[in-house]
Amino acid sequence: MTTQEILTAARDAKGALALATASQRNSALLGMAAALEDPAGQQAILAANAQDLEAARGHISDVMLDRLALNEARLAGMAQGIREVAALPDPVGAVLRRIERPNGLVIEKTAVPMGVIAIIYESRPNVTSDAAALALKSGNVCVLRCGKEAWRSSRAIVEALRRGVAGAGLPVTAVNLIEDTTHASANQLMTAVGYVDLLIPRGGAGLIRACVENAKVPCIQTGTGICHIYVDDTADQDKALRIIENAKASRPSVCNAEEVCLVHKDIAAAFLPRLAQCLGLDRAARGLHPVELRLDERAAALIPGTPAGPRDFDTEFLDYILAVGVVDDVQQAIAHIAAHSTGHSDAILSQTQAHIDRFCAAVDSAAVYVNCSTRFTDGGEFGLGCEMGISTQKLHARGPMGLAELCTYKYIVRGDGQIR
């Protein structure tokens, strides 16, 4: 189907989704989860994924190949995410505010679906099921547009999801996948006035910038993740090492992975050699990929590493690379983050409450962490089941986007003959 035909079918399905009962939508979700774990469905998805991996190998990094790869465990995780969404309270029809006026009018601010939500994303096939689940639970139709590297995998996933949707008596066009993976289809979604009610880009800085600059439909800015961890002079250094290794190396290809480590000058001489040992030789000895350190001048005077280039503190590496700098105090750390952060997730490791309070108040990011890893910025970890993306803007949605952020509202006003 052409992109326009898919958009038309999606718009035509909007009414059926808006009128579907909570039990119908939950039944569809459970059917979608079952379809992902059905042996025949799994075999088709994994075969398609193997083709995607073969085509991408040699063209993208090993870290990005890991983002693309599926296996039975990851499919089971995707299915579990859908079940968790099904178990969440129904957001549609929730009364967000109730006002009784002196004239007897009852005004209810009521949550309703957006309508048709388009999601442009890159090479993470799990986004296909996450986005479809959240859209359907919130009464929305979704139009998915993945990157070319993941298209075969996403098509197989959508075919499975549609079997679950059909089994609940809902139109299969509640879940749609754009067939054209060129820039033309992305541009068409950005300008699909009258067809797309909300556009959500999930990907690198270039994609997000293109959507924000060119979209004629409402667009939510999601986050490039230049995530910082600041190690204060009173930080528990043993905990800090574990936190930093997790934030950087547990899955470096995701947007909540740490990209910058800032260290207080008073502990830098003691802490930085331990950090280099932990992320370098210790990881290599365990058969794990070591982390390359890109060092500012003050850090380079204390430990060996790669001198930081002019853009290293403004780069989302999505790889085993960490920019490291030394700062004078918490205020300088806050100033550095203000200059270089993308407003995604930033952390302080400290035992000084005044420093923690100042950091939390001053750092203007969607998620601010105290003495823990930035890797928790995730819909599942936040109790949302899964997420549509991480919003770094301030209007309508911020942080992991779950069901509430996929609804808008209208005012339902109940009266008994009142006139003005």
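What counts as what
Residues numbered from 1 in each chain as written. Predicted model: local features only at pLDDT ≥ 70, side-chain atom pairs only at ≥ 80, totals over all residues. Heavy atoms only, no water. Pairing = 2+ DSSP bridges. Helix = DSSP H or I, 4+ residues; strand = E, 2+ residues; numbered from the N terminus. Axes fitted to C-alpha atoms, helices over the stretch in contact; angles between N-to-C directions. Core = buried A, V, L, I, M, F, W, Y, C linked by side-chain atoms within 4.5 Å. Buried < 20%, exposed > 50% of the residue type's maximum accessible area, 1.4 Å probe, protein only. Contact = heavy atoms within 4.5 Å. Polar contact = N/O pair within 3.5 Å; in protein donor to acceptor, adjacent residues only side chain to side chain. Phe/Tyr/Trp six-rings, centres within 6.5 Å; stacked < 30°, edge-to-face > 60°. Arc of directions from axis to C-beta. Patch = residues over 30% accessible without salt bridge, like charges linked within 9 Å, V, L, I, M, F, W, Y side chains within 5 Å. Areas by Shrake-Rupley, 256 points an atom, 1.4 Å probe, with all protein chains shown as cover. Salt bridge = Lys/Arg side-chain N within 4 Å of Asp/Glu carboxyl O. Expected span 1.5 Å × (residues − 1). Parallel < 35°, antiparallel > 145°, perpendicular 65-115°, else oblique. Left-handed = near helix turned anticlockwise from the far one by under 90°. Nonpolar A, V, L, I, M, F, W, Y, C, P; charged D, E, K, R; others polar.

Undergrad: Sorry if this is basic, but what is going on with the sheet that holds strand S2 (residues 106-113) here?
TA: Pairing between the strands of a sheet is mediated by backbone hydrogen bonds and can be parallel or antiparallel. The three strands are arranged S1-S2-S16 in an open sheet whose pairing can be described as antiparallel. Strands at the two margins of the open sheet, each flanked by one partner only, are strand S1 (95-100) and strand S16 (407-414). The sheet shows a mean angle of 20° between the axes of neighbouring strands, direction not considered. Two elements, S1 and S2, share five bridges in a ladder whose sense is antiparallel. Bridge assignment links Arg-97 to a residue of S2, and that residue is Lys-109.

Undergrad: Any chance you could explain the nonpolar core here in plain terms?
TA: The tendency in soluble globular proteins is for nonpolar side chains to be buried side by side. Counting residues in hydrophobic clusters, the biggest one holds 71 residues, and the most contacted among them are Leu-36, Val-143, Leu-144 and Met-388. Once residues within four sequence positions are removed from consideration, Met-388 is found in contact with Ile-119, Ala-131, Leu-134, Ala-135, Ile-200, Arg-202, Met-401 and Leu-406. Residues Ile-243, Val-263, Ile-303 and Leu-349 belong to the second largest nonpolar core, which totals 32 residues.

Undergrad: Would you take a moment to explain unusual backbone geometry for this structure?
TA: For residues besides glycine, phi is generally negative; the peptide bonds are generally trans as well. With a phi angle near 55°, Leu-318 is a residue other than glycine that sits in the positive phi range. As for its placement among the helices and strands, Leu-318 is situated in the loop between strand S10 (306-307) and strand S11 (321-327). Residue Leu-318 is classed as buried on the basis of its relative accessible area of 18%. Positive phi is not limited to glycine here, since Asn-371 has a value of about 60°.

Undergrad: I keep staring at the side chain of Arg-294 and nothing clicks. Help me out?
TA: Tracing the chain through its elements places Arg-294 in strand S9 (residues 292-295). For Arg-294, a relative accessible area of 16% corresponds to the buried category. One polar contact links Arg-294 to Asp-312, side chain to side chain, over a distance of 3.0 Å. Excluding its chain neighbours within four sequence positions, the residues that come into contact with Arg-294 are Thr-306, Ala-308, Asp-312, Phe-313, Phe-317, Ile-321, Leu-322, Ala-323 and Val-324.

Undergrad: Looking at this model, I keep getting lost on the sheet that holds strand S8 (residues 258-264). Mind explaining?
TA: Here seven strands make up an open sheet; going across it, the order is S10-S9-S11-S8-S7-S12-S13 and the pairing parallel. Both edges of this open sheet fall to S10 and strand S13 (367-370), since each of them pairs with a single strand only. Where helix H14 (residues 330-340) meets the sheet, it contacts strand S7 (227-231), S8, S11 and strand S12 (345-349), and its direction lies at approximately 170° from that of S7. Together, S7, S12 and S13 form the strand contacts of helix H15 (residues 353-362), whose direction differs from that of S12 by roughly 170°.

Undergrad: How do you make sense of the packing of aromatic side chains when you look at a structure like this?
TA: By the definition in use, this model includes one aromatic pair. Their ring planes at 80° and their centres at 5.8 Å tell us that Tyr-409 and Tyr-411 sit as a pair that is edge-to-face. The partly exposed category is assigned to Tyr-411, whose relative accessible area is 49%.

Undergrad: Quick question: what am I supposed to make of H14 here?
TA: Residues spaced three or four apart along an α-helix point in a common direction, a consequence of the helix completing one turn every 3.6 residues. Every buried residue of H14 is accounted for by Val-330, Ala-333, Ile-334, His-336 and Ile-337. With its buried residues spanning 160° around the axis, H14 presents them on a single face. Structural note: H14 exposes Ala-338 and Ala-339 on the side pointing more than 90 degrees away from its buried face. On the buried face of H14, the contacting elements are S7, S8, S11, S12 and H15. At the N-terminal boundary of H14, the capping side chain belongs to Asp-329, with an oxygen 3.3 Å from the backbone nitrogen of Gln-331.

Undergrad: How do you make sense of the side chain of Ser-185 when you look at a structure like this?
TA: The topology assignment puts Ser-185 in helix H8 (residues 183-190). Separated by 2.6 Å, the side chain of Ser-185 and the backbone oxygen of Asp-180 make a polar contact. Those residues in contact with Ser-185 that lie beyond four places of it in its chain are Thr-3, Arg-145, Ile-178 and Asp-180.

Undergrad: Explanation requested: a nonpolar patch on the surface in the structure shown.
TA: A surface patch of nonpolar side chains, amounting to about 420 Å² of accessible area, comprises Leu-96, Tyr-409, Tyr-411 and Val-413. Top element by residues in the nonpolar patch is S16. It accounts for three residues.

Undergrad: What should I look at first to understand helix H6 (residues 126-137) in this one?
TA: Look at H6: 17 Å from first C-alpha to last across 12 residues, which is about the 16 Å you get at 1.5 Å a residue. Regarding H6, the residues found buried are Asn-126, Val-127, Thr-128, Ser-129, Asp-130, Ala-131, Ala-132, Ala-133, Leu-134, Ala-135, Leu-136 and Lys-137. At the exit of H6 stands Gly-139, carrying a positive phi of roughly 80°.

Undergrad: Would you mind showing me how to read the pattern of salt bridges here?
TA: Opposite charge on two side chains makes pairing possible when the charged atoms of those side chains draw close. By the definition in use, this model includes 20 salt bridges. Of the charged contacts, one joins Arg-152 and Asp-52 as a salt bridge, the two residues approaching to 3.0 Å between their closest N and O atoms. Placement of Arg-152 in helix H7 (residues 151-167) and of Asp-52 in helix H3 (residues 39-56) is noted, with a sequence separation of 100 residues between them. Put simply, Lys-248 and Glu-259 hold a salt bridge, and the shortest N to O gap is 2.8 Å. Residue Lys-248 is located in helix H10 (residues 237-249), and its partner Glu-259 is located in strand S8; the two are separated by 11 residues in the primary sequence. Like Glu-259, Lys-248 is buried. Put simply, Arg-98, Glu-100, Glu-108 and Arg-414 are held in one network by salt bridges that share partners.

Undergrad: I keep staring at the packing of helix H2 (residues 22-37) against H7 and nothing clicks. Help me out?
TA: Packed helices, taken two at a time, are described by their axes: the angle between them and the distance between them. With their axes 7 Å apart at the nearest point, H2 and H7 run at an angle of 140° to one another. Taken together, H2 and H7 sit at an angle that is classed as oblique. The two elements H2 and H7 cross, and the hand of that crossing is right-handed. Of the residues in H7, those in contact with Ala-28, Gly-31, Met-32, Ala-35 and Leu-36 of H2 are Ile-157, Ala-160, Leu-161, Arg-163, Gly-164 and Val-165. Broken down by class, the residue content of the contact of H2 with H7 amounts to eight nonpolar, two polar and one charged.

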